[in-house]
Amino acid sequence: MLAIIGGSGLTTLSNLDVSHREVVRTPYGEPSGALVFGQICGRPAMFLPRHGYGHTIAPHMVNYCANLWALHHYRATGVISVASVGGIRGDLQPGDLVLPHQIIDYTWGRKSTFFEGNGSPVRHIDFTEPYDGDLRQRIRAAANELAIDLKVGAVYAATQGPRLETAAEIDRLERDGADVVGMTGMPEAVLARELELPYAAVNVVANHAAGRGSSANGIHFEQLEEVLQGAMGQVRLLIEHLVGCQPENGG
C-alpha cells in the first residue's frame, strides 16, 4: 500500500476512509504520531503527519528514522512525501505544485543512516537519483490525467530550520543550483533509500523564498495558510488518483 507523509498544510488526509490507527514502537524511538490506516477509492493506504497531529515537532526534531522504519515495517510499497517549500526559481509561484528530481542537503546533526553504532557495518548506498523514477512517473501521469499543473523537475535544498533563510542564503542556494527550499526532505529521502522503499516528493510552493517576489522585504506568514489550503486540495486529488490507480500487487 502507498504511504503518505504529510507536512505543513497536510496534517490530516480528509479523503482517507480510516479503518484504524496504530501506535508504533520502533528500535529508533517513537514516530511523529500513530499510523493511520484506511482506504482511498477502495484501495489501502496509510498516513503519517511528519510534524505530529498538532504540528508540534520542528523539522530538525522529527524522528525520521522512526517514521521511515514504521512505514517499512507495515509494508508500505512506496512513500509520497508532501512538503511545503519556498520558491527560488523565477517561474515558481505560491500555490504551484512541484515534482523535484534532485536534492542538495544543508542540514546538520540529524541522524541520517540506519547503519551505524553497535557494531553495525557501514553501508554505502547509491544516491545519484534521490527519488524513485517509477513513482515520479506515476505522479506525473496522475497529474496529467487530472489536468493538474505540476511543475516537473526541481532541485530541492534541504535546510536546517526551523527559522527561514536570509535573502543572502537564498542567493547562495540559487548559485548552488537550487530551485526550491524546504526543511524536511533530508534525511527522509536517504533513509527511504536505505530501506529500499520507493520514495518521491510533491512540493507545494507556499511563498516566494526570502528576497524574491512577494517576499522581497520579508515573508508574509498570514498569507501562507490560505495558499496552502488551496493547493492541498489539488494534492488530495492527486493522492486519491495515485492510490486508486496503484497496481493490484501494490496493495
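For clarity, every value in this text was computed on a predicted model and none was experimentally measured. (Residues numbered from 1 in each chain as written. Predicted model: local features only at pLDDT ≥ 70, side-chain atom pairs only at ≥ 80, totals over all residues. Heavy atoms only, no water.)

Digging into the overall build of the protein
Now for step 1: The helix and strand tally for the protein stands at 5 helices and 11 strands.
Now for step 2: The C-alpha radius of gyration computed for the protein amounts to 17 Å, which stays within 12% of the reference 18 Å derived for 251 residues, consistent with globular compactness.
Now for step 3: Reported as C-alpha extents along the three principal axes, the dimensions of the protein are approximately 45 × 45 × 35 Å.
Now for step 4: Residues counted as buried form 52% of the 251 residues belonging to the protein. (Helix = DSSP H or I, 4+ residues; strand = E, 2+ residues; numbered from the N terminus. Rg over C-alpha atoms; globule rule 2.2 N^0.38 Å. Buried < 20%, exposed > 50% of the residue type's maximum accessible area, 1.4 Å probe, protein only.)

What to know about the pairing of strand β4 (residues 43-49)
Now for step 1: Across the 7 residues of β4, 7 count as buried, placing the element largely inside the fold.
Now for step 2: What you see with β4 is no split at all: Arg43, Ala45, Phe47 and Pro49 on one side and Pro44, Met46 and Leu48 on the other are buried throughout.
Now for step 3: The sheet contact formed by strand β1 (residues 2-6) and β4 spans 5 bridges and is parallel. Bridge pairing in β4 places Gly6 opposite Pro49.
Now for step 4: Direction of pairing for strand β3 (residues 35-40) relative to β4: antiparallel, over a ladder of 5 bridges. Looking at the pairing, Phe37 lines up with Met46 of β4.
Now for step 5: Where β3 folds back on β4, the antiparallel hairpin that results is connected by 2 residues, among which Cys41 adopts a positive phi of roughly 55 degrees. (Pairing = 2+ DSSP bridges.)

Overview of the environment of Leu237
Now for step 1: With respect to the helices and strands, Leu237 occurs in helix α5 (residues 221-244).
Now for step 2: The spacing of Leu237 and Asn15 is 222 residues in sequence and 8.6 Å in space, taken between C-alpha atoms.

Quick word on the pattern of salt bridges
Now for step 1: For the coordinates displayed, the defined rule picks out 11 salt bridges.
Now for step 2: It is possible to trace a salt-bridge network through shared partners that takes in Arg89, Asp91 and Asp179. (Salt bridge = Lys/Arg side-chain N within 4 Å of Asp/Glu carboxyl O.)

Re the packing of helix α2 (residues 133-146) against α5
Now for step 1: Contact pair α2 / α5: the axes reach a minimum separation of 9 Å and the direction vectors enclose 115 degrees. Of the possible angle classes, the one that applies to α2 and α5 is roughly perpendicular. Here α2 and α5 pass one another in a crossing that is right-handed. Facing α2, whose interface residues are Arg138, Ile139, Ala142, Ala143, Glu145 and Leu146, α5 presents Leu237, Leu238, His241 and Leu242.
Now for step 2: Looking at the contact of α2 with α5 residue by residue, the class counts come to 7 nonpolar, 1 polar and 2 charged. (Axes fitted to C-alpha atoms, helices over the stretch in contact; angles between N-to-C directions. Parallel < 35°, antiparallel > 145°, perpendicular 65-115°, else oblique. Left-handed = near helix turned anticlockwise from the far one by under 90°. Contact = heavy atoms within 4.5 Å. Nonpolar A, V, L, I, M, F, W, Y, C, P; charged D, E, K, R; others polar.)

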